[in-house]
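The primary structure of each chain is shown beneath.
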Amino acid sequence: MAFVITSACIGEKAGECEEVCPVDCIEEGDEMYYIDPDICIDCGACEAVCPVEAIYMEDEVPEEEHEYIALNRRFFEEK
């Protein structure tokens, strides 16, 4: 399981999440940040510092935000 960044990040892109990640699994995209689920160690550091509360554990992502689970994975698969 990994953390997932959701729609609240779009346009915000504060970046605190990327700065605190101990395994560098967060990357900036055009509109938002993304978490690589294969590298994420589920430490929660990113979730704690997100100023717009856009980050959730994968199994806690609100139903209306479920598309972001796939978007986060796809971002890294297309690299």
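Figured I'd write up the structure that's included with this text. Note that the structure is a prediction, hence the values are computed from the model and not measured.

A separate point is the overall build of the protein. Broken down by element type, the protein carries 3 helices and 4 strands. The C-alpha atoms of the protein give 11 Å as radius of gyration, which agrees with the globular expectation for 79 residues (12 Å, within 12%). For the protein, the C-alpha atoms occupy an extent of roughly 25 × 25 × 25 Å along the three principal directions. Scored against the burial criterion, the 79 residues of the protein give a buried share of 41%. The long-range share in the protein, meaning contacts at least 24 apart out of those at least 6 apart in sequence, stands at 63%. Accessible area of the protein: about 4,600 Å², with a carbon and sulfur share of 42%. Between the mean site of the 4 positive side-chain charges and the mean site of the 23 negative ones, the protein shows a separation of 8 Å.

If you look at the biggest cluster of nonpolar residues, it comprises 24 residues, and the most contacted ones within it are Phe-3, Ile-5, Cys-17, Ile-26, Ile-35, Cys-46 and Ile-55. Put simply, the parts of the chain that give this core at least two residues each are strand S1 (3-5), strand S3 (33-35), strand S4 (55-57) and helix H3 (67-77). Counting residues per element, this core draws most heavily on H3, at 4 residues. Dropping the residues within four chain positions of it, Phe-3 is found in contact with Ile-35, Cys-40, Asp-42, Cys-43, Gly-44, Cys-46, Glu-47, Ile-55, Tyr-56, Met-57 and Glu-58.

Moving on to the environment of Tyr-68. Structurally, the position occupied by Tyr-68 is in helix H3. Once the C-alpha coordinates of Tyr-68 and Tyr-34 are considered, the two residues, 34 residues apart in sequence, prove to be 9.2 Å apart.

Leaving glycine aside, a negative phi is the common case for residues, and trans is the common case for peptide bonds. For Lys-13, which is not glycine, the phi torsion reads 40° and is therefore positive. By the secondary structure assignment, Lys-13 is in the loop between S1 and helix H1 (16-20). The exposure class assigned to Lys-13 is partly exposed, which follows from its relative accessible area of 22%. The phi torsion at Asp-42 lies on the positive side, around 60°, for a residue other than glycine. Within the secondary structure, Asp-42 is located in the loop between S3 and helix H2 (45-49). By relative accessible area, which is 32% here, Asp-42 ends up partly exposed.

Parameters and conventions
Residue indices begin from 1 for each chain and proceed along its sequence in written order. Per-residue local features of the predicted model are confined to residues with pLDDT of at least 70, and side-chain atom pairs are confined, for both listing and counting, to 80 or more; whole-chain, interface and lining totals are unaffected and use all residues. The side-chain numbers reported here are obtained from all heavy atoms of the structure, hydrogens and water having been left aside. Working definition: helices are DSSP H or I runs of at least four residues, strands are E runs of at least two. Numbering for both runs from the N terminus. Here the radius of gyration uses the C-alpha set of atoms, whereas the globule reference equals 2.2 Å times the residue count to the power 0.38. Categorising residues by exposure relies on relative accessible area from a 1.4 Å probe, with only protein chains included: less than 20% of the type maximum marks a residue as buried, more than 50% marks it as exposed, and the intermediate range marks it as partly exposed. Only heavy atoms matter for contacts: two residues are in contact if any of them lie within 4.5 Å across the pair. In these tables, accessible area is a Shrake-Rupley quantity obtained with a 1.4 Å probe, and a residue counts as shielded only by the protein chains included in the view. The charge count treats Lys and Arg as positive and Asp and Glu as negative. His and the chain ends do not count. Here the site of a charge means NZ on Lys, CZ on Arg, CG on Asp, or CD on Glu. Buried residues of nine kinds, namely Ala, Val, Leu, Ile, Met, Phe, Trp, Tyr and Cys, make up a nonpolar core once their side-chain atoms join them within 4.5 Å.

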